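Structural overview
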Amino acid sequence: MKRLLIIGIASALLGIGAAHAQDVGGQLDVLTARVEKLEGTRAVKKLQRAFGYYVDRGLWGDAADLFSDSGTVEIGLDGVYIGKARIREYLKRLHGNQEGLIYGQLNEWITLQPAVSIAADGRSATARWRDQGMLGQYKKHAEWRDGIYENAYVKEQGVWKIKTLHLYVNFVVPYEKGWARLKPGEGLTQSQASKDFAPDRASSATYAPFPDTQVPPFQAPNPVTGKLARVARTTFSAPLAPYQERVARLEDQDAVENLQAMFGFYFDKGLWSEAASLFAPKGVFEYGQSGVYVGQERIRKALLLFGPEGLSRGHLNNHMMLQAIITVAANGMTAKGRFQGPVQLAELGQNGIWGVGIYENEYVKEGGVWKLANLHFYPTAFTDYDRGWARSLLPMKGPSAVFPPDRPPTVVYRTLPGQYVPPFSYPHPVTGKPLDNLPQAADSVTGAVR
Amino acid sequence: MNRNILWATLLAVVATPAIAQSVNEKLAALDARITRLEDMNAIERLQRAYGYFVDKSQWTQLSELFTEDATLEIGGKGLFLGKKRVLEYMQTAFGKDGAKENSLANHMQFQSIPDVSADGKTGWIRSRAYVMSSGGWGLPLYENEYRKENGVWKESRLTGPFTMYSSWDGWGKNALNNTWPDKFEPAPDLPPSVIYLTYPAYYIIPFHYPNPVTGKAFTPDHDQVGAYAAPPGTKAQMESLKVGRMADGTQQIGEPPRK
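Nothing here was measured: the structure is a model prediction, and the numbers come from that model.

**Quick look at the overall build of chain A**
In terms of regular secondary structure, chain A is built from eight helices and 14 strands. Expected size for 450 residues packed as a compact globule is a radius of gyration near 22 Å; at 25 Å, chain A falls within 12% of this value. When the 450 residues of chain A are sorted by exposure, 50% land in the buried category. Taking the intrachain contacts of chain A between residues at least 6 apart in sequence as the baseline, contacts between residues at least 24 apart amount to 62%.

Rendered as structure tokens:
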């Protein structure tokens with residue numbers, strides 16, 4: 001009160017321009033802090049993706065240099081390695097104990113689906129990532145790896161570094177066998193490297209790998225229901241308003257990408273209540289030809305068609321949310337997103353399944369929080385794990401008789417051999433022409449869709 | 001406290017021109033940082049859009065992502081020069097626009113590391129395609145360049161060396177060798193910019209960015225490298241470059257026996 005009075009007097013005495021200049025300074029600081037957080041998200045993504053590319057090529061030193069001095073690595077049952085030197089040595093031993101790759105070694109650590117959270121002070125961060133490993137030694141063996149990273153990052157003297165890398169390995173499985181035939185205890189073992197070169201600390205976690213359902217603890221809260229730190233509202237004056245708009249749109253894009261990533265992480269593990277909580281109250285869920293479910297409660301029940309809450313033994317339900325193209329409306333209240341959705345499935349006693357598909361989703365901002373308004377997954381092909389796309393093409397499921405949808409599918413199409421292209425929600429990035437009206441390939445059964 | 005605010009206010013007024021100046025400078029700096037973030041999003045968007053077009057053989061739209069003078073080099077096929085040739089390459093090698101029934105050719109675009117030059121006019125990406133197709137598996141890597149023309153980002157160079165291709169038998173049993181200029185039509189405009197081997201060997205296309213923490217740039221080896229036997233720059237790797245060659249880099253040719 002007193003403060004306002006004094007500023008008021010000062011302004012009255014000395015002219016409005018003065019107070020204005022100071023306002024702008026304060027607003028600038030607020031906006032700069034927000035830009036710094038956006039840059040932090042970029043830096044974190046770069047670090048983790050760069051780590052993958054170094055490990056892919058056997059550059060253990062470069063990979064270890066991405067860590068802070070007290071940085072740690074923990075992979076599966078191998079325990080915790082602390083500090084750059086130990087991390088470097090561990091990575092080296094993990095891959096045959098030489099610099100670089102061995103001739104015939106494949107070591108692709110494909111690093112996907114980031115959900116990054118920058119701390120309020122902008123100096124630390126956490127991120128959840130999806131790991132897909134394509135590993136092996138030519139003419140000897142080949143493996144798939146599936147896992148989740150829950151990592152932490154720190155900014156030291158202006159440079160972002162990896163503080164903890166924790167890969168919760170869900171399984172490493174021989175290519176020929178496939179994940180669907182994994183028996184308990186087969187998919188996760190301690191490496192020989194970790195036996196020969198003991199870790200600095202024992203494992204920090206207990207693991208329940210596939211065929212159990214392993215849910216690595218989430219460091220970040222649920223993006224919709226979680227208690228997120230509320231940022232004080234700042235009103236931006238004329239010279240700063242357009243900048244604040246641009247920053248807000250960048251923040252919106254990140255928020256939508258995070259939301260979709262988290263949906264994927266929940267959906268994978270049958271965390272249906274969490275998954276459903278990401279929808280707006282009037283949200284819509286549509287999966288392939290199974291019809292449309294409307295409203296959070298209907299969606300939560302419909303998700304049970306994919307398996308019981310928390311899934312059951314031998315049930316793999318990986319649905320990836322990748323290759324995001326997010327378009328936020330000019331007013332910042334709605335958004336659209338296209339995602340690439342590879343699928344890995346398994347059910348007890350059945351063959352594994354690979355799938356691919358496209359998400360074209362809609363989002364709405366309610367009370368400052370982004371929510372799913374319409375999640376529409378268009379599976380475009382499924383195949384039997386053993387036989388592959390050239391010899392096996394599986395159809396989509398139709399609407400459930402047990403829990404029928406509220407509405408029939410909005411689009412009738414078929415998966416491969418058909419070639420339906422879900423219309424693009426974004427215009428061509430260079431020409432600006434719309435892409436939602438491209439001709440569909442002729443289909444020998446249904447005829448051209450359009 | 002109150003006194004401080006009063007002082008600050010008074011000072012602000014006295015120093016209005018200087019502060020206004022510094023606010024403008026700060027705004028310009030902030031503008032550059034916001035623009036950089038927007039540019040990185042735009043570059044990722046471009047590359048991801050490229051992937052969605054490949055998936056469904058939408059070659060005309062794909063070619064429109066490129067600058068007029070763009071270059072394209074995929075696998076060991078050699079260089080194609082210009083946007084028109086990008087389109088010709090795609091339509092000749094892979095068929096006319098529109099995906100063929102029964103055929104899967106997903107080139108999913110993952111793990112992007114975009115960067116933008118200090119002047120904001122050039123951009124780069126390291127990223128990967130994850131190929132899931134009727135033929136099996138593939139892992140092209142990208143080190144691409146982008147250019148901002150009249151405020152619009154376009155792809156000015158696509159460089160996509162292959163890491164690994166295998167049939168559905170998997171990479172433990174099967175490895176397809178790299179492509180080469182006359183493997184399939186059309187012929188390239190220029191030979192490959194580098195000759196290298198794919199899995200089971202490996203090649204390291206230089207990283208456009210220095211190590212994000214140490215700031216140290218990746219130094220590729222100076223002699224011709226088709227495959228790495230040890231990390232770049234190491235003694236073992238340097239020696240491997242000389243195997244089977246004379247010191248000047250040429251190959252030894254056996255002299256026919258003489259009396």
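**Things to note about the overall build of chain B**
Scanning chain B for helices and strands turns up five helices and seven strands. Among the 259 residues that make up chain B, the fraction classed as buried is 40%.

**Quick look at the pairing of strand β10 (residues 322-328) of chain A**
Residues and elements named next belong to chain A. Within β10, six of the seven residues are buried, which leaves it mostly tucked inside the rest of the structure. Pairing geometry for β10 and strand β11 (residues 334-340), over five bridges, is antiparallel. Bridge assignment links L322 to a residue of β11, and that residue is Q340.

**Digging into unusual backbone geometry**
Following L416 of chain A, the chain continues into P417 of chain A via a peptide bond in cis, with omega recorded as 15°. In this fold, P417 of chain A is placed in the segment after β14 (369-384). Look at the link from E185 of chain B to P186 of chain B: it is a cis peptide, with omega at 0°. Positive phi outside glycine occurs at K139 of chain A, with the angle close to 65°.

**A closer look at the interface of chain A and chain B**
Counting residues at the interface gives 82 residues for chain A and 71 residues for chain B. Contributions of two or more residues to the side of chain A that touches chain B are made by α1 (2-14), α2 (16-56), β3 (105-118), β4 (124-137), β5 (141-156), β6 (159-174), α6 (241-268) and β10 of chain A. Residue composition of the side of chain A that touches chain B, grouped by class: 46 nonpolar, 21 polar and 15 charged.

**A few points about the nonpolar core**
Note that soluble globular proteins tend to have their nonpolar side chains buried in a common cluster. All names here are of chain A. Ranked by internal contacts, the top residues of the largest apolar core, which has 162 residues, are A63, W179, F263 and A275. In terms of residue count, α2 provides more of this core than any other element does, 12 residues in total. Beyond its immediate chain neighbours, meaning those up to four positions away, A275 contacts F263, Y266, F267 and L303. Counting six residues, the second-largest nonpolar core is a separate cluster that includes Y413, Y420, V421 and L435.

**Some remarks on the sheet that holds strand β2 (residues 80-82) of chain A**
Residues and elements named next belong to chain A. Here six strands make up an open sheet; going across it, the order is β2-β1-β6-β5-β4-β3 and the pairing mixed. Looking at which strands have only one partner, the edges of the open sheet turn out to be β2 and β3. Ignoring strand direction, the axes of neighbouring strands in this sheet form an average angle of 15°. Inspection of the sheet shows β3 paired to β4 by 12 bridges, in the antiparallel sense. Its bridge partner being in β4, I118 is matched across the sheet by A125. This element, helix α4 (residues 84-94), spans β1 (67-75) and β2 of the sheet and lies at about 35° to β1. Sitting on the sheet, α6 touches β3 and β4, and the angle it makes with β3 is about 120°.

**Description of helix α4 (residues 83-94) of chain B**
Residues separated by three or four positions in an α-helix point in the same direction, a consequence of the helix having 3.6 residues per turn. Residue and element names in this part refer to chain B. Taking 1.5 Å of rise per residue, the 12 residues of α4 would be expected to cover 16 Å, and the 17 Å separating its terminal C-alpha atoms lies within 8% of that figure. Among the structural elements, α3 (59-63), β1 (66-74) and β2 (79-81) are those in contact with the buried residues of α4. Phi for G95, located one or two positions after α4, is positive at around 95°.

**Focus: the environment of K242 of chain B**
All names here are of chain B. With respect to the helices, strands and loops of the structure, K242 is situated in the segment after α5 (235-240). Under the C-beta neighbour-count criterion, K242 is labelled exposed, with 11 such atoms within 10 Å. Between the C-alpha atoms of K242 and D223, which are 19 residues apart in sequence, the distance is 8.8 Å.

**Observations regarding helix α8 (residues 296-303) of chain A**
All names here are of chain A. Of all the positions in α8, only Q296, I299, A302 and L303 are classed as buried. Down the axis of α8, the sector holding all buried residues measures 125°, keeping them to one side. Buried residues in α8 make contact with α7 (272-277), β7 (279-287) and β8 (292-294).

**With respect to the pairing of strand β5 (residues 136-149) of chain B**
All names here are of chain B. By the bridge criterion, 10 bridges tie strand β4 (residues 122-133) to β5 in an arrangement that is antiparallel. Considered in β5, the bridge of R128 is made with L141. Remark: two residues form the turn of the hairpin made by β4 and β5, two consecutive strands paired antiparallel. Where β5 lies against strand β7 (residues 162-166), four bridges are found, and the strand directions are antiparallel. Paired with G138 across the bridge in β7 is Y165. Alignment of β5 against strand β6 (residues 152-160), held across five bridges, turns out to be antiparallel. Its bridge partner being in β6, E149 is matched across the sheet by V152. The hairpin formed by β5 and β6 contains two residues between the paired strands, and N150 there has a positive phi angle of roughly 50°.

**Quick word on the confidence of the model for chain B**
All names here are of chain B. Averaged over all residues, the pLDDT of chain B equals 88, while 85% of them reach at least 70. Across residues 5-15 the pLDDT falls below 50, and counting only partners more than four positions away or on other chains, this stretch makes 20 contacts in the model. Scoring the predicted complex yields pTM 0.91 and, for the interface, ipTM 0.94.

**Section: the environment of R33 of chain B**
Note on placement: R33 of chain B falls in helix α2 (residues 16-55). Sequence spacing of R33 of chain B and P188 of chain B is 155 residues, and the spatial spacing of their C-alpha atoms is 40 Å.

**Quick word on the confidence of the model for chain A**
Mean pLDDT over chain A stands at 93; residues scoring 70 or higher make up 93%. Contacts for the low-pLDDT stretch residues 1-16 of chain A, under 50 throughout, to residues beyond four places or in other chains number 18 contacts.

**Description of the environment of A236 of chain B**
Tracing the chain through its elements places A236 of chain B in helix α5. Here A236 of chain B is in contact with A229 and A230 of chain B, once residues within four sequence places are set aside.

Definitions and limits used
- Residues numbered from 1 in each chain as written.
- Chains lettered and ligands numbered in written order.
- Predicted model: local features only at pLDDT ≥ 70, side-chain atom pairs only at ≥ 80, totals over all residues.
- Helix = DSSP H or I, 4+ residues; strand = E, 2+ residues; numbered from the N terminus.
- Rg over C-alpha atoms; globule rule 2.2 N^0.38 Å.
- Buried ≥ 20, exposed ≤ 12 C-beta atoms within 10 Å, placed from the backbone.
- Contact = placed C-beta atoms within 7 Å.
- Pairing = 2+ DSSP bridges.
- Nonpolar A, V, L, I, M, F, W, Y, C, P; charged D, E, K, R; others polar.
- Core = buried A, V, L, I, M, F, W, Y, C linked by C-beta atoms within 7 Å.
- Axes fitted to C-alpha atoms, helices over the stretch in contact; angles between N-to-C directions.
- Expected span 1.5 Å × (residues − 1).
- Arc of directions from axis to C-beta.
- pLDDT = per-residue confidence, 0-100.

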